[in-house]
Amino acid sequence: MTKQAVTRKDVARRAGVSETIVSYVLNNNRYVEKGKRERVLQAVKELNYQPNRIARALKGKKTNHIVFIADNISTEHFSQLIDVMDYHAYSKGYLISLIANRNDDDFVSQVISRQCDGIIVSSLSIPESYLHQFVAAGLAVVVLQNRNYQDLTGAAVIHTGLYNGAREGVRFLAGQGRRHILYVDRFSTHGHFSGRGDYRLHGYYDEMEALGLAPYVITGCTSPEELAAAVAAYCAAHPVDAILGRSDKVACIAMRAVIDLGRRVPEDVAVVGFDNSSLSQYMRPTMTSIEIQRDQIGKAAVEMLEQMLNGGGVPEPRSFQTRLIRRESA
């Protein structure tokens, strides 16, 4: 027996509201009292209702709307990346929105209900199950791979070079005779820290082990102050002669911490950041940084998404390499 598709009427009946209220909640275009809204969203989840797929089938046309999901939308890296994607998307007739990932059950339903055509994802913290749900909802999905995923069937993949970039950073520092290279992870108030699956950290570990060096990672900090204190404490007790930061920002915090200890940069401690942000260029000393090819990656993401939206199937993965931009800190 064929299972009938769930309708808005079913959702309304389960939630104990009218179909109009269901429509308001799913389209997010009218105020709905909190209790009713929560009942509608719970009914959507329980019934596995997929409004985006049904609405698009009824309309028979695209919305020309792309969503970009990132961890921290306030960073310069993501600002520059979406600027590139917006340029190429607009030239092809699409508008693009930037959304911060939220690890809660309502997030996927909220994104799908906006009836976008496709999604570009660059997020360390987003659960892989969310990506599967986006694909299952009929959305075109492109993933900028910054960590290891188990199965991205149905999604297009871009390898951004983070793993090899981290290895290159370690090799560069080791090539200067540095042997005690400290890795400094992000700080997060939401517990979003790096595991071995994170390509930057993975690359650091693998290259340190390949060179026969002992790795050590500063992680688990919830604020810049806590991070600086942790770096200072470790460097005061250990002969650290180099630091690789997960980003230019944390590398800058770490560099200030070692300078406050009376260490010289780069004579005593060399510092390398990640992302080649404007911060790395204007601080003193200027910071050596690993640059991600944002222009090429942003263009490729839009092109791959467009191919999927035009019925071309899931494109082959594309790969890009990072560049080490050498400055005064190393």
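Note that the structure is predicted; figures quoted are calculated from it, not measured.

What counts and what doesn't
- Residues numbered from 1 in each chain as written.
- Predicted model: local features only at pLDDT ≥ 70, side-chain atom pairs only at ≥ 80, totals over all residues.
- Heavy atoms only, no water.
- Buried < 20%, exposed > 50% of the residue type's maximum accessible area, 1.4 Å probe, protein only.
- Helix = DSSP H or I, 4+ residues; strand = E, 2+ residues; numbered from the N terminus.
- Arc of directions from axis to C-beta.
- Contact = heavy atoms within 4.5 Å.
- Pairing = 2+ DSSP bridges.
- Core = buried A, V, L, I, M, F, W, Y, C linked by side-chain atoms within 4.5 Å.
- Axes fitted to C-alpha atoms, helices over the stretch in contact; angles between N-to-C directions.
- Expected span 1.5 Å × (residues − 1).
- Polar contact = N/O pair within 3.5 Å; in protein donor to acceptor, adjacent residues only side chain to side chain.
- Salt bridge = Lys/Arg side-chain N within 4 Å of Asp/Glu carboxyl O.
- Phe/Tyr/Trp six-rings, centres within 6.5 Å; stacked < 30°, edge-to-face > 60°.
- Lys NZ or Arg CZ within 6 Å of the ring centre and 35° of its normal.

Colleague: Outline helix 7 (residues 128-136), supporting the account with residue identities and numerical values.
Modeller: Those residues of helix 7 that sit buried are Glu-128, Tyr-130, Leu-131 and Phe-134. Each buried residue of helix 7 sits inside an arc of 155 degrees when the element is viewed along its axis, so together they form one side. Contact partners of the buried residues in helix 7: strand 1 (65-70), helix 6 (105-113), strand 3 (118-122) and strand 4 (140-145). Where helix 7 ends, the next residue or the one after it, Gly-138, has phi of about 90 degrees, a positive value.

Colleague: Now, about the sheet that holds strand 11 (residues 318-319): what can you tell me, with residues and values included?
Modeller: Strand order across the open sheet formed by six strands is 2-1-3-4-5-11, with parallel pairing between neighbours. The strands lining the two open edges of the sheet, one partner per strand, are strand 2 (95-100) and strand 11. Pairing geometry for strand 1 and strand 3, over five bridges, is parallel. Across the sheet, the residue bridging to Val-67 is Ile-119, located in strand 3.

Colleague: Give a detailed account of unusual backbone geometry, specifying residues and quantitative values.
Modeller: With an omega of 10 degrees, the peptide bond between Val-265 and Pro-266 qualifies as cis. Inspection of the secondary structure assignment puts Pro-266 in the loop between helix 11 (248-260) and strand 9 (270-274). For Asn-48, which is not glycine, the phi dihedral falls at a positive 55 degrees. Judged by relative accessible area, which is 53%, Asn-48 ranks as exposed.

Colleague: I'd like a description of the nonpolar core, backed by residues and values.
Modeller: Counting 47 residues, the largest nonpolar core has Phe-68, Met-85, Ile-120, Val-142, Ile-158, Ile-181 and Tyr-204 as the members making the most contacts within it. Per element, the largest residue contribution to this core is eight residues, and it comes from helix 13 (residues 294-309). Counting residues in each nonpolar core, the second largest holds 23 residues, with Ala-251, Val-258, Val-271 and Met-287 among its members.

Colleague: Kindly report on the sheet that holds strand 6 (residues 181-184), identifying the contributing residues and their values.
Modeller: With mixed pairing, the six strands of this open sheet are ordered in space as 7-6-8-9-10-12. This sheet does not close on itself; its edge strands, each paired only once, are strand 7 (216-218) and strand 12 (323-325). Sheet twist, expressed as the mean angle between neighbouring strand axes with direction ignored, is 25 degrees. With four bridges connecting them, strand 6 and strand 8 (residues 242-245) associate as parallel partners. Bridging from a neighbouring strand, Leu-182 pairs with Ile-243 of strand 8. Each of strand 6, strand 7, strand 8 and strand 9 touches helix 9 (residues 199-210); the most contacted strand, strand 6, lies at about 165 degrees to it.

Colleague: Got a sec to walk through helix 9? Specific residues and values, please.
Modeller: Here helix 9 spans 16 Å end to end across 12 residues, near enough to the 16 Å set by a 1.5 Å rise per residue. For helix 9, the full list of buried residues reads Tyr-199, Arg-200, Leu-201, Gly-203, Tyr-204, Asp-206, Glu-207 and Met-208. Where helix 9 is buried, its residues contact strand 4, helix 8 (162-175), strand 6, strand 7, strand 8 and strand 9. Two or three places before Arg-200, at the start of helix 9, stands the capping residue Asp-198, its side-chain oxygen 2.9 Å from that residue's backbone nitrogen. Looking one or two places after helix 9, you find Gly-212, whose phi comes out positive at around 75 degrees.

Colleague: How would you explain the pattern of salt bridges if you had to name every residue and give the values?
Modeller: Following the criterion strictly, the structure yields 15 salt bridges and no others. With its nearest N and O atoms 3.9 Å apart, the salt bridge here joins Arg-256 to Asp-260. In this pair, Arg-256 and Asp-260 are both assigned in helix 11, four residues apart and thus about one turn of the helix distant. For Asp-260, a relative accessible area of 57% puts it in the exposed group. Across the pair Asp-268 and Arg-264 runs a salt bridge, and its minimum N-O distance is 3.1 Å. With a relative accessible area of 27%, Asp-268 lands in the partly exposed category. Residue class for Arg-264 comes out partly exposed when judged on its relative accessible area of 49%.

Colleague: Please give an account of the packing of aromatic side chains that cites residues and values.
Modeller: Applying the stated criterion across every chain yields a total of five aromatic pairs. One aromatic cluster is present, built from ring pairs that chain together Tyr-183, Tyr-204 and Tyr-205. Above the ring of Phe-274, the side-chain terminus of Arg-200 is found at 4.6 Å from the ring centroid.

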